Amino acid sequence: MATYIVLLGPPGVGKGTQAKILAEKTGLVHVSSGDLFRENIKNLTELGKLAKSFMDKGELVPDDVTIAMIKDRLARPDCEAGAILDGFPRTPAQANALKKMLASINGDVNVVPFITAEPATLIERVSGRWTCRAQGHIYHQKFNPPKVAGKCDIDGSELYQRDDDKAETVARRINVYLEQTSPLVDYYRTQRKLVEIDGTQPIEKVTVALLSAIKN
Ligand code: AMP
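This text gives an overview of the structure that appears in the document.

Glancing now at the packing of aromatic side chains. Following the criterion strictly, the structure yields one aromatic pair and no others. A centroid spacing of 4.9 Å and a plane angle of 80° characterise the contact between Tyr-187 and Tyr-188, whose relative ring orientation is edge-to-face. We classify Tyr-188 as buried; its relative accessible area is 2%. The ring of Phe-54 is capped by Lys-57, whose NZ or CZ atom sits 5.6 Å from the centre of that ring. In this arrangement the basic side chain of Arg-133 is found over the ring face of Tyr-160, its NZ or CZ atom lying 4.2 Å from the centre.

As summarised here, the arrangement of the three strands in space is 6-5-7, forming an open sheet in which the pairing is antiparallel. Two strands close off the open sheet at either side, each with one partner strand: strand 6 (138–140) and strand 7 (159–160). Bridge analysis of strand 5 (residues 129–132) against strand 6 gives three bridges, and the strand direction is antiparallel. Among the inter-strand pairings, Arg-129 is bridged to a residue of strand 6, identified as His-140.

The next point concerns the pairing of strand 4 (residues 109–116). Judged by how many residues are buried, strand 4 sits mostly within the fold: six of eight residues are covered. Of the pairings in the sheet, the one linking strand 4 to strand 8 (residues 194–198) comprises five bridges and is parallel in character. Among the inter-strand pairings, Thr-116 is bridged to a residue of strand 8, identified as Asp-198.

Within the structure, the ligand sits among 16 residues, and Ser-33, Arg-38, Glu-59, Gly-87 and Gln-94 are positioned closest to it. Take Arg-90: an N or O atom from its side chain is 3.0 Å from a nitrogen atom of the ligand. In the model, a nitrogen atom of the ligand is placed 2.9 Å from a nitrogen or oxygen of the Gln-94 side chain. If one sorts the elements of the shell around the ligand by residue count, helix 2 (residues 33–42) sits on top with four residues. Residue composition of the shell around the ligand, grouped by class: five nonpolar, five polar and six charged.

Here we come to the pattern of salt bridges. As enumerated under the stated definition, the model contains 18 salt bridges in all. Two residues, Arg-172 and Glu-59, come together in a salt bridge whose shortest N-O distance is 3.0 Å. With Arg-172 in helix 7 (residues 167–181) and Glu-59 in the loop between helix 3 (46–55) and helix 4 (63–74), the pair connects residues that are 113 residues apart, well separated along the chain. Judged by its relative accessible area of 27%, Glu-59 falls in the partly exposed class. Between Lys-193 and Asp-108 there is a salt bridge; the shortest N-O distance is 3.2 Å. Taken together, the positions of Lys-193 in the loop between helix 8 (183–190) and strand 8 and Asp-108 in the loop between helix 5 (92–103) and strand 4 put the pair 85 residues apart, joining distant regions of the chain. Using a relative accessible area of 12% as the deciding quantity, one classes Lys-193 as buried. The exposure class of Asp-108 is partly exposed, given its relative accessible area of 27%. Because the salt bridges share partners, they merge into one network encompassing Arg-129, Arg-162, Asp-164, Asp-165 and Arg-173.

Moving on: the sheet that holds strand 2 (residues 29–32). Sheet strands line up and pair through hydrogen bonds in the backbone, either parallel or antiparallel. The sheet built from five strands is open, its strands ordered 2-3-1-4-8 with parallel pairing. If you trace the sheet from one side to the other, it starts and ends with strand 2 and strand 8, each paired once. Direction aside, the axes of adjacent strands within the sheet are offset by 20° on average. The pairing of strand 2 with strand 3 (residues 82–86) spans four bridges and is parallel. Residue pairing in the sheet places His-30 in a bridge with Ile-84 of strand 3. Strands in contact with helix 1 (residues 15–26) are strand 1 (3–7), strand 2 and strand 3; relative to strand 3, the strand with the most contacts, it is inclined by about 165°. The sheet contacts of helix 8 involve strand 1, strand 4 and strand 8, and relative to strand 8 the element is tilted by about 125°.

Time to look at the nonpolar core. In terms of nonpolar packing, the biggest core is built from 32 residues, with Leu-8, Val-31, Leu-74, Leu-98 and Tyr-188 touching the most fellow members. If one sorts the elements of this core by residue count, helix 5 sits on top with five residues. Residues contacting Val-31, with those up to four places away along its chain left out, are Leu-36, Ile-70, Arg-73, Leu-74, Cys-79, Ala-83, Ile-84, Leu-85 and Asp-86.

Each value, and the rule that gives it
Residues numbered from 1 in each chain as written. Predicted model: local features only at pLDDT ≥ 70, side-chain atom pairs only at ≥ 80, totals over all residues. Heavy atoms only, no water. Phe/Tyr/Trp six-rings, centres within 6.5 Å; stacked < 30°, edge-to-face > 60°. Buried < 20%, exposed > 50% of the residue type's maximum accessible area, 1.4 Å probe, protein only. Lys NZ or Arg CZ within 6 Å of the ring centre and 35° of its normal. Pairing = 2+ DSSP bridges. Helix = DSSP H or I, 4+ residues; strand = E, 2+ residues; numbered from the N terminus. Near = heavy atom within 4 Å. Polar contact = N/O pair within 3.5 Å; in protein donor to acceptor, adjacent residues only side chain to side chain. Nonpolar A, V, L, I, M, F, W, Y, C, P; charged D, E, K, R; others polar. Salt bridge = Lys/Arg side-chain N within 4 Å of Asp/Glu carboxyl O. Axes fitted to C-alpha atoms, helices over the stretch in contact; angles between N-to-C directions. Contact = heavy atoms within 4.5 Å. Core = buried A, V, L, I, M, F, W, Y, C linked by side-chain atoms within 4.5 Å.

Put into structure tokens, the structure is as follows:
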């Protein structure tokens, strides 16, 4: 039976960082909707152009486009054993679409770790965030600095600051999260899939909590 893990939590709480660690430790594929959009932007695709117009404002990309992109990604052979979903679903319509998608292959969301932190912490995290150009590895100038400034420890590529990590856009993204994504907390809690994790702990402690949530 395949395993599907949905990482839930506000922007900047550490979902991407943790998803990459979990993927290494569990062997499951990391599927990040934000990374998929950024890849499309880099490759100048039509989807990338459309996504960028929403991302730059801190808004969500429309559900139909996002759902189609994820459906396509989860159908690839490397997702046969399941996936760690990071940044998807982000609306009730996306959660319903995911349920249908997985039901059609006799799967379901197994566990939903909900990583939490206060808005002030999120803004500090996001505004100090540096992302690697080649593969999206994530650093923070204070909490998780690279060994050499401006260079990814893992693949040596250049680190850059995401356009949507600017303070004004981050505030908008947090509001969008509260309005559109936070209803998913109750949705998954009702299904007894939610496991709350304090995202203000050090990276290693959050990983331990996540691994324990997944095992149970
Ligand atoms: P992230 O990398 O998860 O912070 O996502 C960056 C941006 O990509 C978001 O602010 C949205 O504009 C867009 N995005 C990512 N995932 C989704 C999603 N599931 N639904 C709609 N928009 C998304």
